Amino acid sequence: MASVMEDPTLERHFKGHKDAVTCADFNPNRKQLASGSVDKSLMIWNLAPKGRAFRFVGHQDVITGVQFSPSGSLVATSSKDRTVRLWTPSMKGESTVFKAHTAAVRSVAFSHDGQRLVTASDDKSIKVWSVHRQCFIYSLNQHTNWVRCARFSPDGRLIASCGDDRSVRLWDTTTKHCINCFTDYGGSATFVGFNSSGTCIAASGSDSSLKIWDLRTNKLIQHYQVHSAGINSFSFHPSNNYLVSGSSDSTVKILDLLEGRLIYTLHGHKGAVITVAFSREGDLFASGGADSQVLLWRTNFDSRSYQDVLQQHSRRSTPDPPPHLSDIYPRIAHLHQPQPSAIQISPTVADTRSTDPHVIELGQAFQSTVLLNSKTHLTPTQASANGHHSNGLPARHIASSRVEGWKGGESAGRGGLTAGNQTGPNGGGKGRRDEEEIAQTHPLEVLSGHPSSLDSTLRHIVQQLDILTQTVSVLEERLTLTEDKLKECLLQQSQILKDVRASEARRRTDSEGTDGSPLHFT
């Protein structure tokens, strides 16, 4: 097993969002991290130990996507309020609103020259915008259901998109035509992205699969099935050697793409992990989820050469299959199953650097936010520091029940609040410093307020419903089998009737021929 220094480590956690974190991106200047949330706000976090955080308010519904421009001077966000906003990350909190979609906008991304934006929407379209002229340019329309994600290739000549029609499409930005379509998904395709060289695209699915295609051959070269629930997001390492993914199974997993296998499983979130992102240099990555937190991780494993990695793995006590180096030019596609030797990381560091940052409120709706929070006698800064809603329940408890909202009814929150190790959970009470420090190492249980007898009754009802569901599914299977048998019997009967009729017809013909033939005497 690799030494501790080579494993990814938890650097910090950021608390300030009041609901599930849906998207995150690093500023190319290496000083900031942006995140969007179900709480309708955009947060800009300073990576310096004592830096302030900025909350930008303007969207009227869930923020679904966020990305810094290549220069780092602009931030684009998409929202279920059908708009895209272009923010200047400064104290002014100014933003420009783009409106053209007729339904929720699911993702937003800059081209690598920073001149264009591409957005994906529930109106089944992909739209391209001019950043400089701040206007809509053209639409791409061939998806037959909601479009979940769209991204430019590094050279800007292609756009990849995916959606609920279970397809991944590749578009030529010059001709505006769909030049390829991959449709072998068992469920919705949730996220899509190019590697940094633009030679491959990857797409994840609600069926927990992650697939990588080589665009030079248009063939599937890698297929991973390492999560136990749908994958919500992933990010290529800038070296193209690694990929990080976040899932509704509450884990973050890191894949070695050269070796073709899972190498790390990180347990840091309670509930679904909705977004993951590598920094532009690859030395850091972030994850956000239903627990309203953003976790900042140091990569570490990318500092070693690939030959060192191979030598390290060859010394493991559990032998691994040979690395899939043929994936560069494969003859056939093959499935990568999770290996039992994957390293499970459950971070337990005290994370002393993660004192809650001072949050500065910016944007159009700041006054209304202050008025709303004044009913609970808390300023917005205090509310975000405490991590509580006006009803007194911890934000994480609220977020877990509403995480499905950002995905439009999908199973994003099926991970639930599962048991497991958690570093820096969003616990604590009433802003007291000592309780917050205790909460960082000892997660607090959320008390429901119902009598224990009622809870046990409800659990019993849920168990009975599960049994009924299983029984119904078994009955459905048996009915299907019975229907198949009946169809088979009917087909056999019809075939027998045809054979009988044919034989009778032959007999009649033979008898008529015998009766009508003249007799010859010798």
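Residues numbered from 1 in each chain as written. Predicted model: local features only at pLDDT ≥ 70, side-chain atom pairs only at ≥ 80, totals over all residues. Heavy atoms only, no water.

### Quick word on the pattern of salt bridges
Where charged atoms from two side chains of opposite charge approach closely, those side chains can pair.
Moving on, step 1. Counted according to the given criterion, the structure contains nine salt bridges.
Moving on, step 2. Between Asp-164 and Arg-148 there is a salt bridge, and its shortest N-O distance comes to 3.0 Å. Here Arg-148 lies in strand β14 (residues 147–152) and Asp-164 lies in the loop between β15 (158–163) and β16 (168–172), a separation of 16 residues in the sequence. Of the two residues, Asp-164 and Arg-148, neither departs from the other in class, the shared state being buried.
Moving on, step 3. Asp-155 is paired through a salt bridge with Arg-157; the nearest N and O atoms lie 2.9 Å apart.
Moving on, step 4. With relative accessibility at 47%, the residue Asp-155 sits in the partly exposed group.
Moving on, step 5. With relative accessibility at 57%, the residue Arg-157 sits in the exposed group.
Moving on, step 6. Within this structure, Arg-30, Glu-281 and Asp-283 form a network of salt bridges that share partners. (Salt bridge = Lys/Arg side-chain N within 4 Å of Asp/Glu carboxyl O. Helix = DSSP H or I, 4+ residues; strand = E, 2+ residues; numbered from the N terminus. Buried < 20%, exposed > 50% of the residue type's maximum accessible area, 1.4 Å probe, protein only.)

### Brief notes about the pairing of strand β11 (residues 116–121)
Successive residues of a regular strand alternate their side chains across the two faces of the sheet.
Moving on, step 1. The buried fraction of β11 is high, at five of six residues.
Moving on, step 2. Note: strand β10 (residues 105–110) against β11, five bridges, orientation antiparallel. Bridge pairing in β11 links Ser-107 to Ala-120.
Moving on, step 3. Hairpin connection from β10 to β11: five residues lie between these consecutive antiparallel strands, with Gly-114 at a positive phi of about 75°.
Moving on, step 4. Two elements, β11 and strand β12 (residues 126–130), share five bridges in a ladder whose sense is antiparallel. (Pairing = 2+ DSSP bridges.)

### Notes on the sheet that holds strand β9 (residues 95–99)
Moving on, step 1. Here we have four strands laid out as an open sheet, ordered β6-β7-β8-β9, and antiparallel in their pairing. Two strands close off the open sheet at either side, each with one partner strand: β6 (63–68) and β9. Each strand axis lies, on average, 20° off the axis of its neighbour in the sheet, ignoring direction.
Moving on, step 2. Where β6 meets strand β7 (residues 75–79), five bridges bridge the pair, whose relative direction is antiparallel. Residue pairing in the sheet places Gln-67 in a bridge with Ala-76 of β7. (Axes fitted to C-alpha atoms, helices over the stretch in contact; angles between N-to-C directions.)

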